[in-house]
Each structure stands twice: as structure tokens, then as C-alpha cells.
Amino acid sequence: MFVLVAPGQGAQTPGFLNPWLELPGAADRVAAWSEAIGLDLAHYGTKADADEIRDTAVAQPLLVAAALLSAAALGDATADGPVLGGLAPGAVAGHSVGEFAAAAFAGVLDDTTALRLVRTRGLAMAEAAAITETGMSALLGGDPEVTVPHLEKLGLTPANVNGAGQIVAAGTLEQLAALNEDKPEGVRRVVPLKVAGAFHTHHMAPAVAKLDEAAKALSPADAVTRYVSNKDGEVVTAGADVIARLVGQVANPVRWDLCMETFKELGVTGLVEVCPGGTLTGLAKRALPGVPTVALKTPDDLDAARALIAETTATA
């Protein structure tokens, strides 16, 4: 059984969409999405600099578009067909904003609806982030039982519990500065992330209300593929429940460690991370030893991903 996963904010780099837009039909697909959400995704994915794509309102739809585009290429999807084409993963999941791509992979939302909703999310979170100067930093190493109380002592939130020895702290810039001077015991490094706010914390509460209002207009389908929620690692089937979790996760911690535990319980034998891949496969290599992984960084990685999928399907 292979799992298809989508990365979250911070995975984007300048020009990362360039090679993907050279694939047949890709430019037209992205142009249609851009028109639907009022954002030039091709420009931001090919010509914009690091600061421009760090903007939450841009980064979030850009990442989801990249995830959908690379998944469509992997599954040889037609322009008017399901975004996964012929792919049949045993489960899908996304880290933070990657959950919107996962919802499309699971058939809960169509690709355009997922992008419209994430565009609303990005704008609302950017507004919330502007209220107070906040940010996020990854802590590498350490014991969660030691790290989490230390963060709470500093007023920080363990916003992402990623497993494999990584927790992401979120809070005000002053609180993060204090963390740099006072690291929890066992933590090797504190790495600032390329995000513009303290996501998955109480600082994002204003964005939850706006996303919830937008979500009320949706008619989600039930999942046709196992959708593993990063709220608690649970497999969620009902479309309405998936949407409720997408709304709530804006101001609540991401438990990617529990998602990987669920992959293990489901019997995962391979993991493919869509573009811009690398972060989640890195975590899987440490938390799921022996499970082969492929990260889609450029179209050159498609053959390796297809080979992995074929192997896991043959041995299922």
C-alpha cells in the first residue's frame, strides 16, 4: 500500500514550478486555476522571489496548486478528469495546508474548489498574522516530554508535532528570540521557518471564522480514499467531517507524528510526496524505517515514483 502525501508551507522555493509547467497540458491547467482564484500562480511559481512567495496569501494556494499539478502528472490525469487520474493510493494525507490537496486527492473536493477554499484561508491567515508579529521555528532533537513543557513555559505553542525528533514552536517574535537563548534540553538546533505567522495557534483564531463562513457554501463528497487527518491521525470518511477539520486546523496543532503512526498501522509499504517534495519524506525515513519513499521535486522524479507505486501495488 502506498501513501500519497502533500507538504505544507515553507516547502516552496523560487522558480520551483518551472519544469512542471513544461509538461503537456500543465500550463493550461494552472491558467484555469489562476483565473478561478484571482491569483497568477504561474508567475509566482516561476518568476517571483523568495519574499513574494513567503506571503501567506500567495504561498498557500501556490503549494496546493503544485501538489495537485504534480499528482495529476503522476497519475496521467486528463484535463477534465479526477486530479489523481489512474492513481489509487491506499491513503492520502497533507501537512497543514497540504491537507487541502489531500482533500482533493480523496475526492472530498474538486481541485478548483480546494484552491478557492485555500485562497480564502491564505488571505484570512495573512490578515490574522498582521495583527501581531509572530513566527515559527523548528526544534531538531530532544524529547517531546521535555520540549513541550519548556515551550509552554516560554509562552510558545508546539504547533507542529512532526515526529522523528522534530517539533515546531510558534508564537511572538519575542518568544521565539527567548527560545534561541534558552533551548530545551536535548534540542540540537532551532531553525526559523519561512512562514509569516504563528500558524496553528490562537493567533489564527480570526482566520477560523472567515474560513468557516466560506466552508458553509460547500457540498463536499465523502472520501473515496482513506483520508488521514493531521488533527489526530484518524482516518476520516465523511466529507463534512473533513471540511470541519480543515477549518479547525488553522488554529490547532498539526500532529504529523500521529499520521505516520496511522500509516504504519495501515501497513504502508511506500510513500510518495508530491511537489515540492522533500520535507515529509525526510520525516518518514526516520519515523518509518524500511519504507521506501520518493519526493517529487521535478518531473524527473516521476519515473521513480511510478516504479515505487508499481512495486507496492504488485506486493499488496
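For the structure, see preceding data.
Rules and cut-offs
Residues numbered from 1 in each chain as written. Predicted model: local features only at pLDDT ≥ 70, side-chain atom pairs only at ≥ 80, totals over all residues. Heavy atoms only, no water. Helix = DSSP H or I, 4+ residues; strand = E, 2+ residues; numbered from the N terminus. Buried < 20%, exposed > 50% of the residue type's maximum accessible area, 1.4 Å probe, protein only. Lys, Arg positive; Asp, Glu negative; His and termini not counted. Salt bridge = Lys/Arg side-chain N within 4 Å of Asp/Glu carboxyl O. Contact = heavy atoms within 4.5 Å. Axes fitted to C-alpha atoms, helices over the stretch in contact; angles between N-to-C directions. Left-handed = near helix turned anticlockwise from the far one by under 90°. Pairing = 2+ DSSP bridges.

1. Comments concerning the side chain of Arg121
Among the structural elements, Arg121 can be located in helix α6 (residues 111–131). Although buried, Arg121 forms no salt bridge, and the nearest oppositely charged side chain, Glu99, lies 6.9 Å from it. For Arg121, the residues in contact, after removing those within four places along its chain, are Gln60, Ser96, Val97, Phe100, His200, Leu211, Gln249 and Val250.

2. Points about the packing of helix α4 (residues 56–74) against helix α5 (residues 98–105)
It is at 8 Å that the axes of α4 and α5 come closest, and there the two elements cross at 35 degrees. Of the two possible hands of crossing, α4 and α5 adopt the one that is right-handed. Counted together, Val64, Ala67, Leu68 and Ala71 of α4 and Phe100, Ala101, Ala104 and Phe105 of α5 form the full contact between these two elements.

3. Notes on unusual backbone geometry
Cis rather than trans, the peptide bond between Cys275 and Pro276 has omega equal to -5 degrees. Residues other than glycine seldom take positive phi values, yet Ser96 does so here, at roughly 55 degrees. Here Ser96 is to be found in the loop between β2 (91–94) and α5. Classification of Ser96 by relative accessible area gives buried; the value is 9%. With phi around 65 degrees, His200 is a residue other than glycine that occupies positive phi space. Relative to the elements of secondary structure, His200 occurs in the loop between β6 (187–192) and α9 (205–215).

4. Overview of the sheet that holds strand β5 (residues 166–172)
Taken in spatial order, the four strands make up an open sheet running β4-β5-β3-β6, and their pairing is antiparallel. Of all strands in the sheet, those bounded by a partner on one side alone are β4 (157–163) and β6. Put simply, the sheet's adjacent strands are angled 25 degrees from each other on average, direction ignored. In the sheet, β4 pairs with β5 via five bridges, with the strands oriented antiparallel. Residue pairing across strands places Gly163 opposite Gln166, the latter belonging to β5.

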